[in-house]
Amino acid sequence: DGGITQSPKYLFRKEGQNVTLSCEQNLNHDAMYWYRQDPGQGLRLIYYSQIVNDFQKGDIAEGYSVSREKKESFPLTVTSAQKNPTAFYLCASRGLLGNEQFFGPGTRLTVL
Amino acid sequence: SQKIEQNSEALNIQEGKTATLTCNYTNYSPAYLQWYRQDPGRGPVFLLLIRENEKEKRKERLKVTFDTTLKQSLFHITASQPADSATYLCAVGGYQKVTFGTGTKLQVIP
């Protein structure tokens, strides 16, 4: 059963704490992406990675960090420097045949 | 940077009618344009991709057009069903990354 998994589905964090969101794919895709979605706004790109051990900042990278040590995994850390971290976070990978993106189920992060 | 405009107002239509959603982009013409469906609390699901040299693409009850002169794409769902109710996102881009619109919420009324 191929796809993208994200965990956890819901995450609560106290202000000032770092938290890491998991993203795993078994689709054998090279490129992976992290987006943030807020009510009334489109998906905004946080970070993306075209290949293992390489990643680039997206449009709103401040306060976030990523790593890409394995092809299957692209975890996102939301640091305490992120001023407004409460949001719905989506991980995606890019398909092999075209440029379509395959999304995970998302993680809803709430900062208390 | 590229800006995508989708009608932020919800679209309500009767079951069986054709729903038409609009996506306008500014600036440069993208290499391709995509449409996704998103249900509440879930990740978007890819529906269709149309390239800049294609005028129209169809998949079952879905049809997408791409007018690079108008900088616009239209997304049609024929014989709409209540199960088609969702938010539909337009996205444009090149090879490495895409820019998403805010989406249009479609409600199909039985």
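Being a predicted model, the structure only gives us computed values, none of them experimental.

K.L.:
Could you give an account of the sheet that holds strand 3 (residues 19-25) of chain B, with specific residues and numbers?
P.N.:
Across a sheet, strands are paired by hydrogen bonds formed along the backbone, either parallel or antiparallel in direction. All names here are of chain B. Strands sit in the order 1-3-8-7-6 across an open sheet of five strands; the sheet is antiparallel. Among the strands making up the open sheet, the edge pair consists of strand 1 (4-6) and strand 6 (56-59). Between one strand axis and the next, the sheet turns by 15° as a mean value, whatever way the strands run. By the bridge criterion, six bridges tie strand 3 to strand 8 (residues 72-77) in an arrangement that is antiparallel. Residue pairing for strand 8: cysteine 23 is matched across the bridge by serine 73.

K.L.:
How would you explain a nonpolar patch on the surface if you had to name every residue and give the values?
P.N.:
Residue and element names in this part refer to chain A. Taken together, Tyr10, Phe12 and Leu112 make up a surface patch of nonpolar side chains, about 390 Å² in accessible area. When you line up the elements, leucine 112 lands in the segment after strand 11 (107-111). Classification of leucine 112 as exposed rests on a relative accessible area of 63%.

K.L.:
An account of the pairing of strand 3 (residues 19-25) of chain A is needed here, citing residue identities and associated values.
P.N.:
All names here are of chain A. A one-sided burial pattern is seen for strand 3, the buried positions being Val19, Leu21, Cys23 and Gln25 and the unburied ones Thr20, Ser22 and Glu24. Pairing between strand 1 (residues 4-7) and strand 3: four bridges, direction antiparallel. From the neighbouring strand, glutamine 6 faces strand 3, where its bridge partner is cysteine 23.

K.L.:
Lay out the state of the cysteines with the relevant residues and their values.
P.N.:
Residues and elements named next belong to chain B. This model, assessed by the stated rule, comprises two disulfides over all chains. The disulfide bridge from cysteine 23 ends at cysteine 90, spanning 1.9 Å between sulfur atoms. Because the torsion about its S-S bond is -60°, the bridge between cysteine 23 and cysteine 90 counts as left-handed. Of the two residues, cysteine 23 is situated in strand 3 and cysteine 90 in strand 9 (residues 86-93); the sequence distance between them amounts to 67 residues. Comparing cysteine 23 with cysteine 90 shows no difference in burial state: the two are buried.

About the cut-offs
- Numbering of residues begins from 1 in every chain and follows the order in which that chain's sequence is written.
- Chain A is the first chain written and ligand 1 is the first ligand written, with later ones labelled in order.
- Given that this is a predicted model, residues contribute local features only at a pLDDT of at least 70 and side-chain atom pairs are listed and counted only at 80 or more, while totals for whole chains, interfaces and linings are drawn from all residues.
- Side-chain numbers here rest on the full set of heavy atoms in the structure, without hydrogens or water.
- Strand pairing is assigned whenever DSSP identifies at least 2 bridges connecting the two strands.
- Under the DSSP-based scheme used, a helix requires at least four consecutive residues in state H or I and a strand at least two consecutive residues in state E, with every element numbered from the N terminus.
- Axes, fitted as lines to C-alpha atoms, cover a helix only where it is in contact. Angles between the N-to-C directions of the axes lie from 0 to 180 degrees.
- Put simply, a patch holds well-exposed residues, over 30% relative accessible area, that have no salt bridge, with like charges counted together within 9 Å and Val, Leu, Ile, Met, Phe, Trp or Tyr side chains within 5 Å.
- Using a 1.4 Å probe, accessible areas were evaluated by the Shrake-Rupley method; residue-level cover was limited to the displayed protein chains.
- Salt bridge criterion: a side-chain nitrogen from Lys or Arg within 4 Å of a carboxyl oxygen from Asp or Glu.
- For every residue, the accessible area (1.4 Å probe, protein chains only) is compared with the maximum for its type, and the residue is labelled buried under 20%, exposed over 50%, or partly exposed between those bounds.
- Cysteine sulfur atoms are paired as a disulfide whenever they fall within 2.5 Å.

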